[in-house]
Amino acid sequence: SYTIVDTDEDETYALNALELAMTPRGVGTYQFKATAEDKFQNRSITSTNNITVTAPANPSPSISIDGADIVVSWPMVSSFFPVDFYEVYTVVWTLGKKSKSNSIRFPATGIGVREFRVRAVDVAGNASEWVETSLSITAPSIPSVSIALNENKDGCILSWADTGSS
């Protein structure tokens, strides 16, 4: 059998198993002590181990336009505990959303700069740093228009170039 002492929670567990599930914890270093005992009640030397819990890694967001939407996306981040969700806010904090996936959509309304903050939050509530990204939405460029007589010279052909927009 084994005796496990969670020194930070001041808990002692007597187990006949080889593992103990640890509940999610905040960022920090936690100490555990383990002692083995055989059927004759002989005890081993106590082993002491530290576990350091860290916050999730910072996301690396990017922005794209998809139809009439702004799509803020990022690669999944590493984390000591599983990431529970990602928080995404506009920089002025007027619009916030949570996402269980690695992207989120906002309406692309009007001309101007759109700035967003993204962070990861794990199941223990530990959060990464906020990371910012931005996109400038501009009006389309003035089209380049030309007019020419048609082949029969009995009409005109009006044409223009697609100037694109962001």
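Residues numbered from 1 in each chain as written. Predicted model: local features only at pLDDT ≥ 70, side-chain atom pairs only at ≥ 80, totals over all residues. Heavy atoms only, no water.

1. Some words on the pattern of salt bridges
Our working rule: Salt bridges are defined as contacts in which a side-chain nitrogen from Lys or Arg sits within 4 Å of a carboxyl oxygen from Asp or Glu. Think of it in three bands: residues with accessible area under 20% of the maximum for their type are buried, residues over 50% are exposed, and the middle band is partly exposed, with areas taken using a 1.4 Å probe on protein chains only. Secondary structure elements are defined from DSSP: runs of H or I of at least 4 residues count as helices, runs of E of at least 2 residues count as strands, and each element is numbered from the N terminus.
Within the structure shown, the criterion is met by seven salt bridges. We note a salt bridge from Glu37 to Arg43, for which the minimum N-O separation is 3.0 Å. You can call Arg43 exposed: its relative accessible area is 58%. A salt bridge links Arg105 to Asp66; the shortest N-O distance between them is 2.6 Å. Taken together, the positions of Arg105 in strand E9 (residues 103-107) and Asp66 in strand E5 (residues 62-66) put the pair 39 residues apart, joining distant regions of the chain. Given a relative accessible area of 41%, Asp66 falls into the partly exposed group.

2. Notes on the packing of aromatic side chains
Put simply, the test is: Classification of ring pairs uses Phe, Tyr and Trp, with its six-membered ring standing for Trp, and accepts pairs whose centres are within 6.5 Å; under 30 degrees between planes counts as stacked, over 60 as edge-to-face, and the remaining range as tilted. Consider the ring centre and the ring normal. A charge sits over the ring if Lys NZ or Arg CZ is within 6 Å of that centre and within 35 degrees of that normal.
Tallying each qualifying case throughout the model produces four aromatic pairs. Geometrically, the ring pair formed by Trp74 and Tyr86 is tilted, given 5.1 Å between the ring centres and 50 degrees between the ring planes. In this pair, Trp74 sits in the loop between strand E6 (69-73) and strand E7 (83-90) while Tyr86 sits in strand E7, placing the two residues twelve residues apart along the sequence. With respect to class, Trp74 is no different from Tyr86; both count as buried. Ring geometry for Phe80 against Phe81: centres 5.0 Å apart, planes inclined by 80 degrees, an arrangement best described as edge-to-face. Here the basic side chain of Arg25 rests over the ring of Tyr30, its NZ or CZ set 5.0 Å away from the ring centre. The ring of Phe106 carries Lys97 above its face, with NZ or CZ at 4.8 Å from the centroid.

3. A look at the sheet that holds strand E3 (residues 28-36)
The line we're drawing: Strands are labelled as partners when DSSP assigns at least two bridges between them. Axis definition: a line fitted to C-alpha atoms, limited for helices to the stretch in contact. Angles are taken between N-to-C directions and run from 0 to 180 degrees.
An order of E2-E1-E3-E4 is seen for the four strands of this open sheet, with the pairing classed as antiparallel. Each edge of the open sheet is held by one strand with a lone partner, namely strand E2 (11-15) and strand E4 (47-53). Along the sheet, successive strands turn relative to each other by an average axial angle of 20 degrees, direction set aside. Relative to E3, strand E1 (residues 2-6) runs antiparallel, the two sharing five bridges. In the sheet register, Asp6 faces E3, and the bridge partner there is Phe32.

4. Some thoughts on the pairing of strand E12 (residues 145-149)
Across a regular strand the side chains alternate sides, sitting on one face of the sheet and then on the other. Counting buried residues along E12, only zero of its five residues qualify, which leaves the element largely exposed. Pairing of E12 with strand E13 (residues 156-160), which is carried by five bridges, proceeds in the antiparallel orientation. The residue of E13 that forms the bridge with Val145 is Trp160. Between E12 and E13, which pair antiparallel and follow one another directly, the connecting turn spans six residues, one of which, Lys153, has a positive phi of 60 degrees.

5. So, a negative patch on the surface
The line we're drawing: Like charges are joined within 9 Å and nonpolar side chains (Val, Leu, Ile, Met, Phe, Trp, Tyr) within 5 Å, but only among residues with over 30% relative accessible area and no salt bridge; these make up the patches. Only the protein chains shown count as cover for residues, with accessible areas throughout obtained via the Shrake-Rupley method and a probe of 1.4 Å. The charge count treats Lys and Arg as positive and Asp and Glu as negative. His and the chain ends do not count. Just so you know, the charge point we use is NZ for Lys, CZ for Arg, CG for Asp and CD for Glu.
Together, Asp8, Glu9, Asp10 and Glu11 make up a negatively charged patch on the protein surface. With respect to the element layout, Asp8 can be found in the loop between E1 and E2.

6. What about the side chain of Thr35?
Here is the rule: It only takes one pair of heavy atoms within 4.5 Å for two residues to be counted as in contact.
Of note, Thr35 is situated in strand E3. Once you skip the residues sitting within four places of it in the chain, Thr35 turns out to touch Ser1, Tyr2, Thr3, Arg43, Ser44 and Thr46.

7. Some details on the sheet that holds E6
The sheet built from three strands is open, its strands ordered E5-E6-E9 with antiparallel pairing. This sheet does not close on itself; its edge strands, each paired only once, are E5 and E9. Across the sheet, the mean angle from the axis of one strand to that of its neighbour is 25 degrees, orientation sign disregarded.

8. A word on unusual backbone geometry
Its identity is not glycine, yet Gln41 carries a phi of approximately 65 degrees, on the positive side. By the secondary structure assignment, Gln41 is in the loop between E3 and E4. Classification of Gln41 as exposed rests on a relative accessible area of 63%. For Lys153, which is not glycine, the phi dihedral falls at a positive 60 degrees. Along the chain, the position of Lys153 falls in the loop between E12 and E13.

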